[in-house]
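Listed here are the chains, written in short residue letters.
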Amino acid sequence: MRRRFAVTGGTGLRCKGWRQEGLLRLLENVLAVGEDPDNLVVYAALGKAARDWPAHDRIVATLRTMDEEDTLVVQSGKPIGLLRTHRRAPIVVMANCNMVGRWATAENFYEWEQRGLICWGGLTAGDWQYIGSQGVLQGTYEIFSRIAERHFRGSLARRFVLTAGLGGMGGAQPLAGRLAGAAILCVEIDEARIRKRLQTGQLDVAAADLDQALDAIRQAQAAGAARAVGLCGNAADVYPALVARGVVPDVVTDQTSAHDLLYGYVPSGFTLDAVRELRTADPQRLMAAATASIVRHVEAMLAFQRAGAIVFDNGNLIRTQAKAGGVANAFDIPIFTEAFLRPLFCRGIGPFRWIALSNDPADIRRIDDLVVELFPANRIVVNWIELARRHVPVEGLPARIAWLGHGERTALGLAVNRMVREGKLAAPVAFTRDHLDAGAMAHPNIMTERMRDGSDAIADWPLLNAMLNCASQADLVAIHSGGGGYSGFMTSAGATLIADGSAQADERIALALDNDTALGVMRYADAGYEDALDEAAAKALRHFGPGPP
Ligand code: NAD
């Protein structure tokens with residue numbers, strides 16, 4: 001059967017209530033905007049919305065018929081059963097891809113995945129929170145902006161940014177670079193992904209070869225024009241070729257799926273078809289070739305760094321893979337979280353999002369106005385909303401992301417719920433956030449690298465976060481751990497709320513959004529960060545302080 005992947009809008013209910021309907025629309029949405037929906041893959045090479053099609057269909061059928069007093073239990077993308085809870089309990093709870101410590105290896109993951117026992121939910125795929133490449137757009141833009149402030153007197157105009165990967169998340173890079181004013185070159189091995197980003201307007205132009213790409217970049221730099229140029233090629237070839245020519249970009253990063261040697265990173269010298277075949281025919285050879293290419297790729301990034309470029313890892317585990325392949329100093333490249341975003345996380349500020357379940361972009365425009373009205377002094381958010389409303393295309397259900405902190409998210413959530421109640425929006429709105437948020441993720445090579453107290457690999461925080469979200473009445477709560485190449489590297493938690501205009505939604509929003517960010521501030525305060533201790537004091541959080549109790 002050929003499936004259609006479309007979003008549902010309007011006010012018609014197919015379920016017994018908006019909480020179930022909202023979650024169903026979000027599940028449809030992650031497939032509609034996902035990278036390979038026929039295989040249920042949403043992003044990051046293997047991040048899936050459900051274990052398989054029968055599991056997906058059972059989830060859909062259950063959401064359509066279940067009562068509000070029930071909770072649907074999902075284990076690694078497979079619905080296990082319905083349990084009687086109560087109206088204040090989550091509609092869905094999930095645990096995706098959590099393997100016991102010493103067993104949490106990529107080899108076990110692939111074997112159990114093949115046997116249909118497990119699937120990886122990425123961060124926002126398995127719990128239906130993905131909103132297309134916009135989900136990481138502001139984060140990438142803020143990183144570029146911080147680099148501009150620190151190193152380039154506030155602007156990336158006339159600066160050359162080099163990156164690779166135009167997939168689900170990496171596809172945000174060209175627009176983020178352009179919004180920051182840069183001339184950005186994006187290397188991508190799959191021509192179809194370049195075409196897609198041209199069609200959506202995220203890329204301005206595709207170059208036929210490296211010479212043409214460099215010409216386009218140089219022209220944009222000379223004119224001070226923001227421009228995004230795509231180049232079909234392998235980053236493991238293009239980056240070293242630039243080093244050999246003595247070209248030094250101003251900023252270098254990468255967002256290929258380097259975390260996954262089997263399903264993600266394409267080694268140099270292999271066609272996409274050859275890679276597909278080798279996955280089953282000779283996975284060891286494929287993974288060895290991917291590692292060898294990543295080594296060359298990262299060695300080139302280190303060479304750019306030595307020549308003065310600002311180089312950073314954008315959360316794809318490329319340094320870890322390179323180090324395993326023998327690049328002893330791969331971690332000379334800093335991770336984006338520690339380098340640019342930690343001061344925000346200390347204040348509970350992170351990637352919060354909302355999605356118009358009406359499928360009406362006017363709802364997002366009204367909420368844009370509200371955000372600017374509510375937080376006029378928040379320079380980062382006001383600037384972002386102004387940019388986003390002009391430049392961010394609608395993908396699937398209209399959505400918006402904004403980095404908001406403790407108290408701000410709750411204020412916005414309650415104000416939007418009131419607008420739904422008063423009929424000022426066409427339908428309810430879903431609130432969620434990336435798992436990459438202050439209290440919600442342990443990932444010692446990405447989110448929690450070099451924490452001040454050495455607590456990098458301690459996964460208690462996301463587990464506490466999920467439990468607290470259940471206790472605070474979130475509508476969906478999920479605990480995810482890494483799959484594929486991320487196996488054994490991370491644990492994170494996600495939560496979703498449906499603002500349906502009801503008084504119960506007011507209660508859920510106030511509790512869940514407040515407690516979610518409060519725990520985030522406490523996590524960093526506990527690790528001894530002054531910014532977090534200040535924030536905890538300023539917001540009168542009942543935190544007991546770092547060190548022994
Ligand atoms: P994706 O699988 O959808 O896209 C990866 C892209 O890289 C594909 O288009 C692929 O063709 C391309 N690619 C692979 N090998 C290449 C090579 N050698 N040269 C050039 N192009 C190559 O993945 P995604 O969703 O875009 O995520 C990319 C990476 O970023 C993943 O590792 C993911 O986990 C990570 N990520 C980071 C953040 C963050 O907050 N920084 C957020 C989400 C994802």
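Coordinates for the structure precede this section.
So, here is what we can say about the structure in this document. (Residues numbered from 1 in each chain as written. Predicted model: local features only at pLDDT ≥ 70, side-chain atom pairs only at ≥ 80, totals over all residues. Heavy atoms only, no water.)

Section: the pairing of strand β12 (residues 350-356)
Part 1 of the reasoning: Summarising burial for β12: 7 of the 7 residues are buried, a large majority.
Part 2 of the reasoning: The sheet contact formed by β12 and strand β13 (residues 399-404) spans 6 bridges and is antiparallel. Note that in β13 the partner of Trp354 across the bridge is Arg400.
Part 3 of the reasoning: Sheet analysis places β12 next to strand β14 (residues 429-433), joined by 5 bridges and oriented antiparallel. In the strand pairing of β14, Ile355 is matched with Ala430. (Buried < 20%, exposed > 50% of the residue type's maximum accessible area, 1.4 Å probe, protein only. Helix = DSSP H or I, 4+ residues; strand = E, 2+ residues; numbered from the N terminus. Pairing = 2+ DSSP bridges.)

Considering the site of the ligand
Part 1 of the reasoning: The local shell around the ligand holds 30 residues, among which Glu188, Ser257, His259, Asn314 and Tyr486 are the closest.
Part 2 of the reasoning: Between a nitrogen atom of the ligand and a side-chain N or O atom of Asn234, the distance comes to 2.9 Å.
Part 3 of the reasoning: Separating a nitrogen atom of the ligand from a backbone N or O atom of Asn314 is a distance of 2.8 Å.
Part 4 of the reasoning: A class-by-class count of the residues in the shell around the ligand yields 12 nonpolar, 14 polar and 4 charged. (Near = heavy atom within 4 Å. Polar contact = N/O pair within 3.5 Å; in protein donor to acceptor, adjacent residues only side chain to side chain. Nonpolar A, V, L, I, M, F, W, Y, C, P; charged D, E, K, R; others polar.)

Remarks on the nonpolar core
Part 1 of the reasoning: Judged by nonpolar contacts, the single largest core of 187 residues is most densely connected at Val92, Trp128, Tyr239, Trp354, Trp384 and Leu412.
Part 2 of the reasoning: If sequence neighbours within four positions are ignored, Val92 has contacts with Leu23, Leu63, Thr71, Leu72, Val74, Trp128, Asp475, Leu476 and Val477. (Core = buried A, V, L, I, M, F, W, Y, C linked by side-chain atoms within 4.5 Å. Contact = heavy atoms within 4.5 Å.)

Describing the packing of aromatic side chains
Part 1 of the reasoning: Summed over the entire model, instances satisfying the criterion amount to 12 aromatic pairs.
Part 2 of the reasoning: With a centroid separation of 6.1 Å and 35 degrees between ring planes, the pair formed by Phe5 and Trp53 is classed as tilted. Here Trp53 lies in helix α2 (residues 53-65) and Phe5 lies in the segment before α1 (18-32), a separation of 48 residues in the sequence.
Part 3 of the reasoning: Note on Trp53: relative accessible area 18%, which makes it buried.
Part 4 of the reasoning: Between Phe109 and Tyr110 the ring centres are 5.6 Å apart and the planes differ by 70 degrees, which places this aromatic pair in the edge-to-face class.
Part 5 of the reasoning: For Phe109, a relative accessible area of 0% gives the class buried. (Phe/Tyr/Trp six-rings, centres within 6.5 Å; stacked < 30°, edge-to-face > 60°.)

Structural notes on the side chain of Ser358
Part 1 of the reasoning: Residue position: Ser358 is located in the loop between β12 and α13 (361-374).
Part 2 of the reasoning: Not counting residues up to four positions away in its chain, the partners in contact with Ser358 are Gly9, Gly10, Arg25, Asp363, Ala426, Ala427 and Pro428.

Observations concerning the sheet that holds strand β8 (residues 205-207)
Part 1 of the reasoning: Sheet architecture is open: 6 strands sit in the order β8-β9-β7-β6-β10-β11, paired in parallel fashion. Both edges of this open sheet fall to β8 and β11 (310-311), since each of them pairs with a single strand only.
Part 2 of the reasoning: In this structure, strand β7 (residues 183-188) lies alongside strand β9 (residues 227-232), joined through 6 bridges in parallel fashion. Among the inter-strand pairings, Glu188 is bridged to a residue of β9, identified as Cys232.
Part 3 of the reasoning: Across the sheet, helix α8 (residues 235-245) lies against β6 (160-164), β7, β9 and β10 (251-252), angled at about 150 degrees from β6, the strand it touches most. (Axes fitted to C-alpha atoms, helices over the stretch in contact; angles between N-to-C directions.)

Describing unusual backbone geometry
Part 1 of the reasoning: Of note, Leu40 is a non-glycine position whose phi angle comes to about 65 degrees, a positive value.
Part 2 of the reasoning: Along the polypeptide, Leu40 turns up in the loop between α1 and β1 (41-43).
Part 3 of the reasoning: For Leu40, a relative accessible area of 1% gives the class buried.
Part 4 of the reasoning: A positive phi is found at Ala44, a non-glycine position, where the angle reads about 55 degrees.

So, the pattern of salt bridges
Part 1 of the reasoning: Taken as a whole and judged by the stated rule, the model has 43 salt bridges.
Part 2 of the reasoning: The partner of Glu142 in a salt bridge is Arg146, and the shortest N-O contact between them spans 3.2 Å. Taken together, the positions of Glu142 and Arg146, both in helix α4 (residues 134-151) and 4 residues apart, correspond to about one turn of that helix. Grouping residues by exposure puts Glu142 and Arg146 together as buried.
Part 3 of the reasoning: Note that Asp500 is salt-bridged to Arg508, the shortest N-O span being 4.0 Å.
Part 4 of the reasoning: Look at Asp500 and you get partly exposed, because its relative accessible area is 23%.
Part 5 of the reasoning: Shared partners join several salt bridges into a network, and the residues in it are Arg19, Glu68, Glu69, Arg87, Asp475, Asp500 and Arg508. (Salt bridge = Lys/Arg side-chain N within 4 Å of Asp/Glu carboxyl O.)

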